[in-house]
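Single-letter residue listing:
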Amino acid sequence: MRIVHSLIAAATISLPIAASAAISAAPIQWTVDVHEPIYNIPRVADGTIYVDTAQAKGPNVFAVKDGKVLWRFATEGAIQKPVSLGGGQVFVASDIGDIHFMRAIDAKTGALIWDYTRHEPPECMCSHVSHYIQHLLFAQTDGHSLYAFYPVGKIPDHRLWAFVGDGAKLTPPVIADSTVIFGSADHKVYGLVDNTGKIRWQQKTGYAFVAQPAVWEHTVILGNRGGTVHAYSTTTGKPLWSFTTNGPIDTAALIWHDRAFIASGAGDRGVYALSAKTGKQIWYTQMADYTAYPPVMARKTLIVASRDGHLLGLAAKTGKVLWRSNLHGVPLSRPVFWQGDAVLKVNDHKVMAFNAQSGSPVWTYHSKDVVTSPVPEGDRVYVGTSGGKIVAIGH
C-alpha cells in the first residue's frame, strides 16, 4: 500500500515545526581576500579550495589552503562557469571574443599542463559546466555538442571525440557500464560508447530532459519535463519501467539503496519515493511549494528545500514529515549534509545550517555581498562572496 502525505493544508493541520531558537553566528575559521568578485561555486579537494573570479584580465583562478593563496593563474578571457577538478588537474573554460579555450592546470603548482583552443563561435565551452567522470572530461558547447577529452598523459592537441548535437541543449552526462548517458531537449536519451562517442543506443520520449541522469546498478533513471520518470538498461537502452507524476521534473533523482527519490515541479509540488528496480511508488509527500533542487540524504532523513521558504526533513522510509524549519527567505542552493547539519544558501546574502535530525537552527553566515552555494569538505564549509572573499566555516 502506498503512503501519501500532504502539506497543502498546512494552516489547518498539525505539523512538526522545529523549535525556534536564537541562531548563532557562523564559526568562521579564516577568510582570504582575492580582491575580485567570486560568483561561481568553489571546488574543494584535499583541503585546497579552487575558485575563479569575474575579472577577464590578470589572475582569475586561485588555489587557497588554510587561509593562504597557493597559486594564481590567468586564463586570458572571461570565465562564466565553475572550474572542474579531476586527476590532479583543474579544468577551466574561458573565451576572448570568438576564441575559445579549455585549459588544464596542475592542481598543486598552478602550472599549465595543456590547452585546447578553437575559433568557431559554436565551439564556446565557457557557458556550460564541464564534468570530470571516470577519467574523461566532458564539455558542452554553445552549439550543444558534447566534447570528450582524455586529460591525462601527453598534452592532448585534439578532442577524444565529439557528439555533434542538433542545437538541442544536453543534460550533464553520467558514465555507467562503459556508456556515456545523457538526456536532451530533443526529447531523447542517448547512450554513447565511452572511448569513441559512437551512439550505442537512443530512446525517444515525448518531452525534453533537463536534469542529469542517475544510475542504480545497471539502470539509468531520469525524468523529463512532461513529468515522466524513465528507466533504461545502461548497456542496451531497453526501457525497463516508467512512472508519471503530475509536474515537470527538472532535478536529478537521488538514489539511496534500492530507492529513487524524485522531486516534481509546479503543478505537483511533491517528492516521490520509487522502487529503483520496478518504478513502483512507495510513498508520496506533497509540499506547499515545489523544490528547485534535488533532495539530499542525511542518514535516514531526506532533506528538501521548498520554494515556500521552508526546509523539510522527511523519513526516508515512509515520507512522513519529521520537521519543518522556516528559512525566512528563499532557498537558492541544494542543501548539503555536513557534520550532522543541513547547510544551504538562503536569499543572496546568507548561508544557514540546521540540525539534520531535528531541524533546529545551528548557525547563520550573513554577508553584505552576494554569497555562493556552500561547499563542505572535512571539518569545514567554504563560501565565496562577490566581495572577493573566500570564507572557511567550521565548528
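Each value, and the rule that gives it
- Residues numbered from 1 in each chain as written.
- Predicted model: local features only at pLDDT ≥ 70, side-chain atom pairs only at ≥ 80, totals over all residues.
- Heavy atoms only, no water.
- Helix = DSSP H or I, 4+ residues; strand = E, 2+ residues; numbered from the N terminus.
- Buried < 20%, exposed > 50% of the residue type's maximum accessible area, 1.4 Å probe, protein only.
- Core = buried A, V, L, I, M, F, W, Y, C linked by side-chain atoms within 4.5 Å.
- Contact = heavy atoms within 4.5 Å.
- Salt bridge = Lys/Arg side-chain N within 4 Å of Asp/Glu carboxyl O.
- Phe/Tyr/Trp six-rings, centres within 6.5 Å; stacked < 30°, edge-to-face > 60°.
- Lys NZ or Arg CZ within 6 Å of the ring centre and 35° of its normal.

Student: Would you mind showing me how to read unusual backbone geometry here?
Tutor: Within the chain, Asp177 stands out as a residue other than glycine whose phi angle is a positive 55°. Relative to the helices and strands, Asp177 is located in the loop between β16 (174-176) and β17 (179-183). The phi dihedral of Gln339 falls on the positive side, at around 55°, and the residue is not glycine. Among the structural elements, Gln339 can be located in the loop between β32 (336-338) and β33 (341-346). Of the residues examined, Gln339 reaches a relative accessible area of 48% and is grouped as partly exposed.

Student: Can you help me understand the nonpolar core in this one?
Tutor: Looking at soluble globular proteins, one finds that nonpolar side chains tend to be buried together. If you look at the biggest cluster of nonpolar residues, it comprises 15 residues, and the most contacted ones within it are Ile221, Val229, Trp241, Phe243, Ile262, Tyr272 and Leu274. Every element with two or more residues in this core is listed here: β20 (214-216), β22 (228-233), β23 (239-244), β25 (259-263) and β26 (270-275). Once residues within four sequence positions are removed from consideration, Ile262 is found in contact with Val229, Ile249, Ala253, Gly270, Val271, Tyr272 and Leu274.

Student: I keep staring at the pattern of salt bridges and nothing clicks. Help me out?
Tutor: Any two side chains of opposite charge can pair if their charged atoms end up close together. Counted under the stated rule, the structure contains seven salt bridges. For Glu76, the salt bridge goes to Arg103, with nearest N and O atoms at 3.8 Å. Here Glu76 is found in the loop between β7 (68-73) and β8 (84-86), whereas its partner Arg103 is found in strand β10 (residues 99-106), with 27 residues between them in sequence. Residues Asp308 and Arg324 are paired through a salt bridge, measuring 3.5 Å at the closest nitrogen-oxygen approach. Remark: Arg324 occurs in strand β31 (residues 321-326) and Asp308 occurs in the loop between β29 (301-306) and β30 (310-315); sequence separation between them is 16 residues. Several salt bridges share partner residues, and in doing so they unite Glu76, Arg103 and Asp115 into one network.

Student: How should the environment of Lys81 be read in this particular structure?
Tutor: By the element assignment, Lys81 lies in the loop between β7 and β8. For the pair Lys81 and Thr285, spaced 204 residues apart in sequence, the C-alpha separation works out to 34 Å. Apart from residues no more than four positions distant in its own chain, Lys81 is found in contact with Asn40, Asp52, Cys126, Ser127, His128 and Val129.

Student: Looking at this structure, how should I read the packing of aromatic side chains?
Tutor: Centre distance and the angle of the planes are the two values used to describe a pair of aromatic rings. One pass over the structure, following the stated rule, counts 17 aromatic pairs. Ring centres 6.0 Å apart and planes at 45° place the aromatic pair Trp30 and Tyr382 in the tilted group. Of this pair, Trp30 sits in strand β3 (residues 28-33) while Tyr382 sits in strand β37 (residues 380-384), and the two are 352 residues apart along the sequence. Residue class for Trp30 comes out buried when judged on its relative accessible area of 11%. Through successive ring pairs, a cluster of aromatic residues spans Phe91, Trp114, Tyr116, Tyr132, Tyr147 and Phe149. In this structure, Arg103 is placed above the aromatic ring of Phe101, and the distance from its NZ or CZ to the ring centre is 4.2 Å. The ring of Tyr147 carries the charged tip of Arg159 above its face, separated from the ring centre by 4.2 Å.

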